[in-house]
Amino acid sequence: MNQFTLKLALLFATTALTLHAADRPNVVLIMTDDQGYGDLSCHGNPVLKTPHLDKLHAESIRLTDFHVSPFCTPTRAALMTGRYPARTGAYRTSSGRSMLHTDERTIASLFAESGYATGMVGKWHLGDNAPHRPQDRGFQDVVWHHAGGIGQASDYYGNDYFDDTYERNGKFEKFEGYCTDVFFAESMRFVEENKEKPFFLYLATNAPHSPYRVAPKWSAPYKETVKWKSGPEFYGMIANFDHNVGLLRKRLDELNLSDNTIFIFMTDNGTGKGSGGAGPGPDDFKGFNAGMRGVKSTVYEGGHRVPFFIHWPKGGLTGGRDMQHLAGHIDVVPTLAELCGVSTAKALEQDGISFATSLKDPDAPATRDHFITQLHGGARFTQPEAPWFTSCVVKGRWRLLDGEKLTHLDQNPMQNRSSADAHPEVVAELRQLYENWWESVSPRMTPVSIDLGNPAENPTMLSSQDWYLPVGNPPWHLGAINSLVRETGPWYVDVKQSGRYRISLRQFPPEADRNVSAVRAKLRIAEKEMTSDVNPGMKSVDFEIELPAGKTKLETWLYDESDEAGGAYFTEVELLRTS
């Protein structure tokens, strides 16, 4: 082949690749936090106004039997991996059970390896430390807040939704404005910067999660009607989100990207504040839950059935049509991979099943037979992980709760009585499905370690929300930490490099500029134990120690004058030199 022929062949190949890339759809995947199925005017809410989401609803394919986990982290784990949360290691919101096993492959990794620009904005809640941060899991451009909510313990100290400090690609940065406005502005920046290539954007807002804070102009329209505590603010946060959806869709139009962008709206669990409220009068509005029982952190229908709208004009996903087949959060990875021509060969075995065919063909058979969700340990983690407790098996219109209570939604939509005695054969079938599932997922419900001495994050700041407790939630909010709750627990850690480390025990992060309130400190790691007196005015108690590489546990104690101890809620670990 002569030089001219080679150049011509390369030109044709490059052109073909460029055309192929240009033809691949973009993805914008948006998920709100604690917004339920009934928290939309297009779903019948008589008070809340969501005109931009209503417009998206009218133009989209709507999944009307779409299910998730009943609270934050597990849904995010399933959405990122296409696997049941228990299998991923991230199946609770704290207590060391909110991080993915390191062998899990995320949708961001798969899309990035297929040539997509990948961006993540907002709430991650799958780990604050390496190797669990979004930038460690396939996202190339990230702006995110730590912890499970803005203002929680491991989030940047002092954040309160307005003019906050978030992390951008590994460095903290001060932003101006309301959190949801900032997250949408950053999403539009990402889209504009990557408009010439296929992109995958995951925008996960913290709104309308508590605390319920929003500018008065958004909550004011609901003050006269929504009379339960924080109800107007909850609705106002959704109204503000809705406004931002309109701005983002308008920008996609202006950039001529809407036609070939798969635009998805969903929520992470049932409503957090939109149902069950009560005003002083018998006729006052009491919230709207679309005829379902249950809210966030319950396994009744309202806790895990959520909206899912998908719109892609170039792919024919338009027209305002309902898809009534059963689907779940675990199905999103294989569905988007199929629609975008992305290989999942490098992913671990998927629990999810693509529903792409059903989206395009209303007469296509259902792909999912059943779905299982469980609050492992219960809503407040009152008992260790075990079969059946706070579980739900979904099959057709049947729901088996806790392995015992059987309900049929057509006959008993409020799920307030059991039909188990009348249908023992259904109970037996659904119990077998659950038993097979439990046997499959439970072996991976094991501790996940945080890296120490990882060059991607050195030093690393550990927080008490990741203490691995047998039951119960460790201090994850500043209310508990401000009271210096007398509790401690271990962090599971993976020392990546042997060497000399500095371990600094704190009760508050450096940004708080607060003294340690204790008289004695102790730590234990890698079968070594060290103690030190605490002098007045110390911000931290620092130890230097030689550590071997490998997995171990780190435990801390700060003793008061009564010899009662709580842990070092914030512990910074820095590799000083390798050995």
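Residues numbered from 1 in each chain as written. Predicted model: local features only at pLDDT ≥ 70, side-chain atom pairs only at ≥ 80, totals over all residues. Heavy atoms only, no water.

**Student:** Explain the overall build of the chain to me, using residue names and the numbers behind them.
**Tutor:** The number of helices and strands found in the chain is 13 helices and 26 strands. Against the 2.2 N^0.38 benchmark of 25 Å for 579 residues, the chain shows a C-alpha radius of gyration of 25 Å, consistent with a compact globule. Summarising its shape, the C-alpha atoms of the chain cover approximately 85 × 70 × 50 Å along the three principal directions. Within the chain, the proportion of its 579 residues that are buried is 59%. In the chain, the share of contacts with a sequence separation of at least 24, taken over all contacts with a separation of at least 6, comes to 70%. A total accessible area of about 22200 Å² is found for the chain, and carbon and sulfur atoms account for 50% of it. The average position of the 60 basic charges and that of the 72 acidic charges among the side chains of the chain differ by 1 Å. (Helix = DSSP H or I, 4+ residues; strand = E, 2+ residues; numbered from the N terminus. Rg over C-alpha atoms; globule rule 2.2 N^0.38 Å. Buried < 20%, exposed > 50% of the residue type's maximum accessible area, 1.4 Å probe, protein only. Contact = heavy atoms within 4.5 Å. Areas by Shrake-Rupley, 256 points an atom, 1.4 Å probe, with all protein chains shown as cover. Lys, Arg positive; Asp, Glu negative; His and termini not counted. Charge placed at Lys NZ, Arg CZ, Asp CG, Glu CD.)

**Student:** Go over the state of the cysteines with me, naming the residues and quoting the values.
**Tutor:** Here a disulfide denotes a covalent bond joining the sulfur atom of one cysteine to the sulfur atom of another. Within the structure shown, the criterion is met by zero disulfides. You can see Cys 72 has no disulfide; the closest cysteine sulfur is in Cys 179, sitting 14 Å from it. (Disulfide = S-S within 2.5 Å.)

**Student:** So what's going on with unusual backbone geometry? Residues and values would help.
**Tutor:** Of note, the bond from Ala 207 into Pro 208 is cis; its omega dihedral lies within 30 degrees of zero at 0 degrees. In this fold, Pro 208 is placed in the loop between strand E8 (199-204) and helix H7 (216-219). In this structure, Pro 211 follows Ser 210 across a cis peptide bond, with omega equal to -5 degrees. Mapped onto the elements, Pro 211 comes out in the loop between E8 and H7. At His 125, a position not held by glycine, the phi torsion is positive, near 60 degrees. Structurally, His 125 can be placed in the loop between strand E4 (117-123) and strand E5 (141-145). At Asn 169, a position not held by glycine, the phi torsion is positive, near 50 degrees. Within the fold, Asn 169 resides in the loop between strand E6 (165-168) and strand E7 (171-174).

**Student:** Break down the side chain of Gln 35 for me, citing the residues and quoting the values.
**Tutor:** Tracing the backbone shows Gln 35 in the loop between strand E1 (26-32) and helix H2 (51-59). Within polar-contact distance, the side chain of Gln 35 engages the backbone oxygen of Asp 39 at 2.9 Å. Residue contacts for Gln 35: discarding those within four places in its chain leaves Leu 40, Leu 53, Pro 208, Ile 238, Phe 241, Phe 265, Thr 267, Asn 269, Gly 270 and Thr 271. (Polar contact = N/O pair within 3.5 Å; in protein donor to acceptor, adjacent residues only side chain to side chain.)

**Student:** How would you sum up the layout of surface pockets? Please name residues and give values.
**Tutor:** Reported here for the largest pocket is a volume of approximately 670 Å³. Here the residues of the lining of the largest pocket sort into seven nonpolar, 14 polar and five charged. By volume, the second largest pocket is sized at about 440 Å³. Lining the second largest pocket are 24 residues, and of these His 146, Phe 172, Glu 457, Met 461 and Glu 511 sit closest to its centre. Broken down by secondary-structure element, the contributors of at least two residues to the lining of the second largest pocket are E7, strand E18 (460-463) and strand E26 (570-578). No other element matches the four residues that E18 contributes to the lining of the second largest pocket. (1 Å grid on protein atoms, 1.4 Å probe; cavity = no way out; pocket = protein on both sides within 12 Å on 5 of 7 lines; lining within 4 Å. Points joined across faces, edges and corners; volume = space filled by probe spheres on them. Nonpolar A, V, L, I, M, F, W, Y, C, P; charged D, E, K, R; others polar.)

**Student:** Now, about the nonpolar core: what can you tell me, with residues and values included?
**Tutor:** Ile 30, Tyr 166, Phe 183, Phe 199, Tyr 235, Leu 248 and Phe 263 are the most contacted members of the largest nonpolar core, which totals 48 residues. At the level of secondary structure, the elements contributing two or more residues to this core comprise E1, H2, E4, helix H6 (179-193), E8, helix H8 (231-254) and strand E9 (261-267). If one sorts the elements of this core by residue count, H8 sits on top with nine residues. Excluding its chain neighbours within four sequence positions, the residues that come into contact with Ile 30 are Phe 184, Leu 203, Phe 241, Leu 248, Phe 263, Ile 264, Phe 265 and Met 266. (Core = buried A, V, L, I, M, F, W, Y, C linked by side-chain atoms within 4.5 Å.)

**Student:** Give me the sheet that holds strand E14 (residues 391-395): which residues, what numbers.
**Tutor:** Judged by pairing direction, the sheet is antiparallel, and its four strands sit side by side in the order E13-E14-E15-E16 without closing on themselves. In this open sheet, the two edge strands, each paired with only one partner strand, are strand E13 (371-374) and strand E16 (405-408). The mean angle between the axes of side-by-side strands here comes to 15 degrees, regardless of whether they run parallel or antiparallel. Here four bridges tie strand E15 (residues 398-401) to E16, and the two strands are oriented antiparallel to one another. Counted as the bridge partner of Arg 399 is Thr 407 from E16. (Pairing = 2+ DSSP bridges. Axes fitted to C-alpha atoms, helices over the stretch in contact; angles between N-to-C directions.)

**Student:** Give a detailed account of the confidence of the model for the chain, specifying residues and quantitative values.
**Tutor:** On average, residues of the chain carry a pLDDT of 95, and 95% of them reach 70 or more. Scored below 50 in pLDDT, residues 1-19 makes one contact in the model with residues more than four places away or belonging to other chains. (pLDDT = per-residue confidence, 0-100.)

**Student:** Could you give an account of the packing of aromatic side chains, naming the residues involved and the relevant values?
**Tutor:** Under the criterion given, the structure shown has 31 aromatic pairs. Judged by centre distance (5.5 Å) and plane angle (85 degrees), the ring pair of Tyr 222 and Tyr 235 falls under edge-to-face. Taken as a pair, Tyr 222 in the loop between H7 and H8 and Tyr 235 in helix H8 lie far apart in primary sequence, 13 residues in all. For Tyr 222, a relative accessible area of 5% puts it in the buried group. Classification of Tyr 235 as buried rests on a relative accessible area of 0%. Pairing Tyr 434 with Trp 438 gives two aromatic rings, centres 6.4 Å apart and planes at 15 degrees, and the pair type is stacked. Residue Tyr 434 and its partner Trp 438 are both found in helix H12 (residues 424-441); the two are separated by four residues, about one turn of the helix. With relative accessibility at 1%, the residue Tyr 434 sits in the buried group. One Lys or Arg, Arg 293, reaches over the ring of Tyr 300 and ends 3.9 Å from the middle of that ring. A cation sits over an aromatic face here: Arg 305 above Tyr 37, 4.1 Å from the ring centre. (Phe/Tyr/Trp six-rings, centres within 6.5 Å; stacked < 30°, edge-to-face > 60°. Lys NZ or Arg CZ within 6 Å of the ring centre and 35° of its normal.)

**Student:** Break down empty space enclosed by the protein for me, citing the residues and quoting the values.
**Tutor:** Under the defined criterion, the tally for this structure stands at three cavities of 30 Å³ or more. In this model, the largest cavity occupies a volume close to 70 Å³. Forming the walls of the largest cavity are 13 residues, and the residues nearest its centre are Ser 69, Pro 85, Thr 373, Gln 374 and His 376. For the lining of the largest cavity, the secondary-structure elements that each account for two or more residues are helix H4 (85-88) and E13. Top contributing element to the lining of the largest cavity by residue count: E13, with four residues. Looking at the lining of the largest cavity residue by residue, the class counts come to eight nonpolar, five polar and no charged. Looking at the second largest cavity, the residues that line it are Leu 484, Val 485, Arg 486, Gln 507, Ser 517, Leu 558, Tyr 559, Asp 560, Glu 564, Gly 566, Gly 567 and Tyr 569. Looking at the lining of the second largest cavity, its residues break down into five nonpolar, four polar and three charged.

**Student:** Break down the pairing of E7 for me, citing the residues and quoting the values.
**Tutor:** On a regular strand, one side chain projects to one face of the sheet and the next to the other, so that they alternate. Both E6 and E7 contribute to a ladder of four bridges, which runs antiparallel. Paired with Glu 167 across the two strands is Phe 172, which belongs to E7. What sits between the antiparallel neighbours E6 and E7 is a turn of two residues, in which Asn 169 has the positive phi angle 50 degrees.

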